[in-house]
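What the coordinates show
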Amino acid sequence: MDSLLHTPEGVRDIYNEECSKKNALSAKLDRILKLYGYKDIQTPTFEFFDIFNRERGSVPSRNMYKFIDRDGSTLVLRPDITPSIARAVAKYFKEETIPLRFSYCGNTFINNSSLQGKMKETTQLGAELIGDRDIEGDAEVVALAIHLLLESGLTDFQLDIGHVGLFKALVAEAGMDEETVSQLRVLIESKNYFGVEALVEKLTLSDETAKLLLKLPELFGSGDIIAEARSMTCNAEALKALDEIEKLCQLIAEYGFEKYITIDLGMLTEYDYYTGMIFRGYTYGTGDAVVKGGRYDHLIGQFGKDAASVGFAVVLDELMLALSRQKIDIPTNEEATMVLYEPEYRSTAIRIANALRNINQAVSMMKKETDRSLNDYKAYSRRYHIAHILYVDQDKELTKIDISDDSVRKMPVSEF
Ligand SMILES: N[C@@H](Cc1c[nH]c[nH+]1)C(=O)O
């Protein structure tokens with residue numbers, strides 16, 4: 001019987017305070033998205049497999065939850081919301097040539113290996129700036145991500161900014177096969193210097209390319225590393241990527257957010273749809289990114305609309321974890337009142353509850369059981385963060401109990 005209460009590994013229930021806080025956080029962040037002109041969009045939780053297949057460059061197929069529809073089509077629970085937005089935009093905004101801004105909040109499902117101990121269902125709150133190919137678009141999106149983290153209450157965080165163009169240019173120049181590229185990516189990403197060295201030695205690369213690849217895991221820090229990287233390559237595409245990061249950092253300074261960014265030229269990603277700058281935000285309390293995003297100029301084109309785009313997603317669950325470990329409160333504005341009534345005064349109690357709800361106060365009604373004492377209800381209120389009890393045991397007067405200090409006051413019912 002007990003096993004009926006279990007949930008599968010990687011998913012969990014969220015309730016009480018934690019759930020109120022998660023919703024409050026998402027509403028708070030949503031307000032900022034609106035301030036930047038992002039409009040709500042919702043796409044389905046499951047889609048055809050092809051929306052996320054290898055060509056799109058999202059999560060690898062083995063990490064997706066796949067199932068079969070009645071008619072035999074293969075469906076997946078979305079592992080990522082960006083390809084869905086790309087599909088929807090190509091479908092409903094095909095003719096629009098001026099940039100569009102969309103934001104969303106929804107759950108994603110990734111069937112990670114259990115060994116990693118990661119959650120398999122997570123809530124993402126994201127923004128996509130569609131049809132903007134300029135560096136100003138990159139800067140807006142990075143600034144917005146920083147603004148959201150500040151709004152959440154975090155003060156100590158860093159946004160690492162990289163660019164897939166640098167790595168792509170180097171491996172293209174070296175003519176590496178896909179398997180080697182992916183091995184190298186993992187090694188550089190995990191800053192495994194010796195691993196990179198061993199692999200690079202096995203390949204036939206120009207001295208210049210080999211040196212820069214070896215150096216990538218260390219190219220992390222402030223603007224100076226751009227100059228350092230620049231001095232190490234003549235590859236035009238690689239130089240272009242470096243120029244872009246430099247310009248992006250200047251624009252982020254125009255937003256006043258430069259202190260939150262770090263350049264990380266060794267930052268790479270498994271998502272193949274990225275074509276330009278990529279970024280990830282980190283803070284204390286969780287090793288995983290609380291926000292992640294980047295530029296993807298060809299994804300929407302795969303659905304038939306040519307629209308260079310850039311966006312990101314805040315991983316709400318990671319952000320919640322970080323906030324809680326950093327003891328940063330998320331105010332929920334939940335000053336709930338309990339209207340506790342003796343059965344014969346039910347209609348008086350309903351009138352009182354309605355009057356309070358009319359002035360936007362949250363009320364939970366509770367019929368008093370004969371075998372429970374007032375103290376039982378006070379203890380319950382303490383457990384569930386109820387601020388007051390209004391005890392209705394006659395028509396004319398009620399008793400107001402303040403749970404924080406146990407003080408008691410009589411009030412005329414006519415006041416409601
Ligand atoms: N969808 C990406 C984040 C992102 C949104 N837009 C661009 N990138 C992810 O799940 O990591």
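The chain appears in an unreviewed UniProt entry as ATP phosphoribosyltransferase regulatory subunit from Coprococcus intestinihominis. Note on the chain: under the UniProt heading Subcellular location (unreviewed entry), the record states "Cytoplasm". Recorded under Pathway (unreviewed entry), the UniProt text for the chain is reproduced unchanged: "Amino-acid biosynthesis; L-histidine biosynthesis; L-histidine from 5-phospho-alpha-D-ribose 1-diphosphate: step 1/9."

**So, unusual backbone geometry**
Even without being glycine, His385 reaches a positive phi, approximately 55°. Mapped onto the fold, His385 is located in the loop between α12 (374–383) and β15 (386–392). If you check the backbone angles, Asp406 has positive phi at about 65° while not being a glycine. As for its placement among the helices and strands, Asp406 is situated in the loop between β16 (397–402) and β17 (408–412).

**Things to note about the sheet that holds strand β9 (residues 261–264)**
Spatial strand order, β1-β5-β6-β12-β11-β10-β7-β9-β8: nine strands in an open sheet with mixed pairing. The open sheet has two free edges, formed respectively by β1 (39–40) and β8 (220–221), since each of these has just one partner strand. Where strand β10 (residues 277–283) and strand β11 (residues 286–296) come together, five bridges link them in antiparallel fashion. Note on β11: the bridge partner recorded for Thr283 is Thr286. Contacts from helix α1 (residues 16–35) reach β1, β5 (100–109), β6 (121–130) and β12 (309–315), with the element oriented near 5° to β6. Sheet strands in contact with helix α4 (residues 164–174) are β7 (157–163) and β10, and its direction is about 35° off that of β7.

**A short note on the site of the ligand**
If you check the shell around the ligand, you find 15 residues, and the closest are Asp80, Thr82, Glu128, Tyr274 and Gly311. One of the backbone N or O atoms of Gly311 is found 3.4 Å from a nitrogen atom in the ligand. With respect to the ligand, the backbone of Phe312 contributes an N or O atom lying 3.2 Å from a nitrogen atom. Within the residue set of the shell around the ligand, elements represented by two or more residues are β6, β11 and β12. Among the elements that make up the shell around the ligand, the one with the highest residue count is β11 (four residues).

**So, the nonpolar core**
Ranked by internal contacts, the top residues of the largest apolar core, which has 74 residues, are Leu184, Leu213, Leu265, Phe279 and Phe312. Sort the elements by how many residues they give to this core and helix α3 (residues 135–152) lands first, with ten residues.

**Some details on the UniProt feature "domain: Aminoacyl-transfer RNA synthetases class-II family profile" (unreviewed entry) in the chain**
Taking the UniProt record as the reference, the feature "domain: Aminoacyl-transfer RNA synthetases class-II family profile" (unreviewed entry) is found at residues 23–331. Within residues 23–331, the helical portion is 39% and the strand portion 23%, while the C-alpha atoms at the span's ends are 11 Å from each other.

**Overview of the side chain of Ser84**
Within the secondary structure, Ser84 sits in helix α2 (residues 82–92). Exposure remark for Ser84: the relative accessible area of 0% places this residue in the buried category. One polar contact links Ser84 to Glu47, side chain to side chain, over a distance of 2.8 Å. Residues in contact with Ser84, not counting those within four places in the same chain, are Thr43, Glu47, Ile51 and Phe52.

**Quick notes on the environment of Glu334**
Turning to its location among the elements, Glu334 is positioned in the loop between α10 (316–325) and β13 (336–341). Taking the C-alpha atoms as reference, Glu334 lies 31 Å from Lys292; in sequence the two are 42 residues apart. Those residues in contact with Glu334, other than ones at most four positions away along the chain, are Ser20 and His385.

**Considering the pairing of β16**
Note: β15 against β16, four bridges, orientation antiparallel. What sits directly across from Ile389, in β16, is Ile401. Linkage of β15 to β16, two consecutive antiparallel strands, is achieved through a turn of four residues. Relative to β17, β16 is paired through five bridges, and the arrangement is antiparallel. Considered in β17, the bridge of Ile401 is made with Val408.

**Regarding the sheet that holds strand β2 (residues 46–48)**
Taken in spatial order, the three strands of this open sheet run β2-β4-β3, and their pairing is antiparallel. Either end of the sheet is taken by a strand with one partner, and the two such strands are β2 and β3 (66–68). Shown here is a sheet whose adjacent strand axes are inclined to one another by a mean of 35°, direction ignored.

Cut-off values and rules
- Residues numbered from 1 in each chain as written.
- Predicted model: local features only at pLDDT ≥ 70, side-chain atom pairs only at ≥ 80, totals over all residues.
- Heavy atoms only, no water.
- UniProt positions renumbered as here; feature names shortened; annotations may be inferred.
- Helix = DSSP H or I, 4+ residues; strand = E, 2+ residues; numbered from the N terminus.
- Pairing = 2+ DSSP bridges.
- Contact = heavy atoms within 4.5 Å.
- Axes fitted to C-alpha atoms, helices over the stretch in contact; angles between N-to-C directions.
- Near = heavy atom within 4 Å.
- Polar contact = N/O pair within 3.5 Å; in protein donor to acceptor, adjacent residues only side chain to side chain.
- Core = buried A, V, L, I, M, F, W, Y, C linked by side-chain atoms within 4.5 Å.
- Buried < 20%, exposed > 50% of the residue type's maximum accessible area, 1.4 Å probe, protein only.

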